[in-house]
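# An overview of the molecular structure
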Amino acid sequence: MNPRDPDALIARAGVRGDPDRDQHFLVDDRVLDRLPTYLEEIDADASHVLEIGGGTGALTDRLLSMGRDAGTDAGDGAAAETNGGHVTVVERDRELAAFLREEFAREIEADRLSVIEGDALSVDLPAFTASVSNLPYGVSSEIAFRLLPEGRPLVLMFQREFAERMVAGPGTSEYGRLSVSTQHYADVEIVESVPKEAFSPPPAVQSAVIRAVPREPDYEVDDEEFFLRFVKALFTQRRKTIRNAIRNTAHISGLSEPDAVVDAADADVLRKRADAMSPAAFAELAQLALEVGAPDRE
Ligand SMILES: C[S@@+](CC[C@H](N)C(=O)[O-])C[C@H]1O[C@@H](n2cnc3c(N)ncnc32)[C@H](O)[C@@H]1O
């Protein structure tokens, strides 16, 4: 079966995307066609794909086609409904959620699609195996950090500048707390830059798609929550040496004994700035801080 036409979906839904509600619908068929392939390339388990922000369903439609064998559709759509994995779509906008339920009534009936109407930051998420989403940019960071700890492959669209910060390495101007926290959970790469014209209405900035492949980090942290809080604290003083940053940010990191950490740490590390520290170097320092710095445990 041919995929549903994105412009026709918008027309049938009778909506105009509202930028104030993070509604920028993908209308470029080539981008829509490519998004599922970024999961297929890594042989990800697509038996239950989660989509955050369904909109008018152009991407939902492509996700429903994943894993379907070509040529098994007898023409009445029956095979299409039994072949392939399950998709769950979360959509906050009541009108769009109602449209998705109507447009995809057959797929819902065949138990291939679930529509959850609600806020992706607070609804219970299903046990998904992977996610492909064109995220609402206003809450993309919060959603990413809801999904990343789940340890599933993710293909996510962000504002390009945000995506560049997620994938950045030490020593670059984009490298920061976002890079370390993201790469704590997964190997991440930008797989595609997407121009504004691919959306209706076009957003103010360029976009990019990242692929996150979950893995264990190549370092150990005993207290993940403290590690991430410590990294956040040190990057608030990214122009200062680590020595000063440890001392100046105890109110953020929760260290009761920041001077004890400075006394115990390696002199070479203390001379560095946060943006020159690899994630593994942060982890080693965080372990030391945990041992001698008496952090508050939340
Ligand atoms: C960028 S659009 C993507 C729509 C569609 N997936 C596409 O690619 O055309 C983001 C969608 O997320 C929805 N949305 C915004 N905030 C949301 C939230 N907090 N939880 C769930 N959906 C949200 C918007 O209504 C909108 O439909």
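Per an unreviewed UniProt entry, the chain is named Probable ribosomal RNA small subunit methyltransferase A, and its organism is Natrarchaeobius chitinivorans. Of the comments in the UniProt record for the chain, the one headed Subcellular location (unreviewed entry) reads "Cytoplasm". Turning to the chain, the UniProt record has this under Sequence similarities (unreviewed entry): "Belongs to the class I-like SAM-binding methyltransferase superfamily. rRNA adenine N(6)-methyltransferase family. RsmA subfamily."

Attention now goes to the nonpolar core. Core analysis: the largest hydrophobic core is formed by 61 residues, its most contacted members being Leu 26, Val 49, Leu 156, Val 209 and Ile 210. For Leu 26, the residues in contact, after removing those within four places along its chain, are Pro 6, Val 31, Leu 32, Ala 58, Leu 59, Asn 134, Ala 198 and Phe 199. In terms of nonpolar packing, the next biggest core, distinct from the first, is built from 20 residues, Ala 245, Leu 255, Ala 274 and Ala 289 among them.

The next subject is the sheet that holds strand 4 (residues 113–117). Ordered in space as 4-3-2-5-6-9-7, the seven strands form an open sheet in which the pairing is mixed. Edge strands, defined here as strands with exactly one partner in the open sheet, are strand 4 and strand 7 (186–194). Averaged over all neighbouring strand pairs, the angle between strand axes comes to 20°, with direction disregarded. Bridging between strand 2 (residues 48–52) and strand 3 (residues 86–91) involves five bridges; their strand directions are parallel.

On to the UniProt feature "binding site: S-adenosyl-L-methionine" (unreviewed entry) in the chain, then. Within this numbering scheme, the UniProt entry marks His 24, Leu 26, Gly 53, Glu 91, Asp 119 and Asn 134 as carrying the feature "binding site: S-adenosyl-L-methionine" (unreviewed entry). The topology assignment puts Glu 91 in strand 3. A tally of 27 C-beta atoms within 10 Å means that Glu 91 is categorised as buried. In this structure, Asp 119 sits in the loop between strand 4 and strand 5 (130–134). With 13 C-beta atoms packed within 10 Å, Asp 119 lands in the partly exposed category.

Moving on, we come to the environment of Val 167. Note that Val 167 resides in helix 8 (residues 160–167). Linking Val 167 and Gln 23, residues 144 residues apart in sequence, is a C-alpha distance of 25 Å. Setting aside chain neighbours within four positions, we find Val 167 in contact with Val 188, Glu 189, Ile 190 and Ile 210.

What counts, and where the lines are drawn
- In every chain, residue numbers begin from 1 and rise along the written sequence.
- Where local features are concerned, this predicted model is filtered to residues with pLDDT of at least 70; where side-chain atom pairs are given and counted, the filter is 80 or more; whole-chain, interface and lining totals use all residues.
- UniProt positions are given in the numbering used here, feature names are shortened, and annotations may be inferred rather than shown by experiment.
- What makes a nonpolar core is a set of buried Ala, Val, Leu, Ile, Met, Phe, Trp, Tyr and Cys residues, with links drawn between C-beta atoms within 7 Å.
- For every residue, the other C-beta atoms within 10 Å of its own C-beta are counted; 20 or more classify it as buried, 12 or fewer as exposed, and values in between as partly exposed. C-beta atoms are placed from the backbone.
- Working definition of a contact: two residues with C-beta atoms, positioned from the backbone, lying within 7 Å.
- Two strands are said to pair when DSSP picks up at least two bridges between them.
- Elements are defined by DSSP. Helices are runs of H or I of four residues or more, strands are runs of E of two residues or more, and each kind is numbered from the N terminus.
- Structural elements are reduced to axes, namely lines fitted to C-alpha atoms, with helices fitted over the stretch in contact, and the angle between N-to-C directions of any two is expressed from 0 to 180 degrees.

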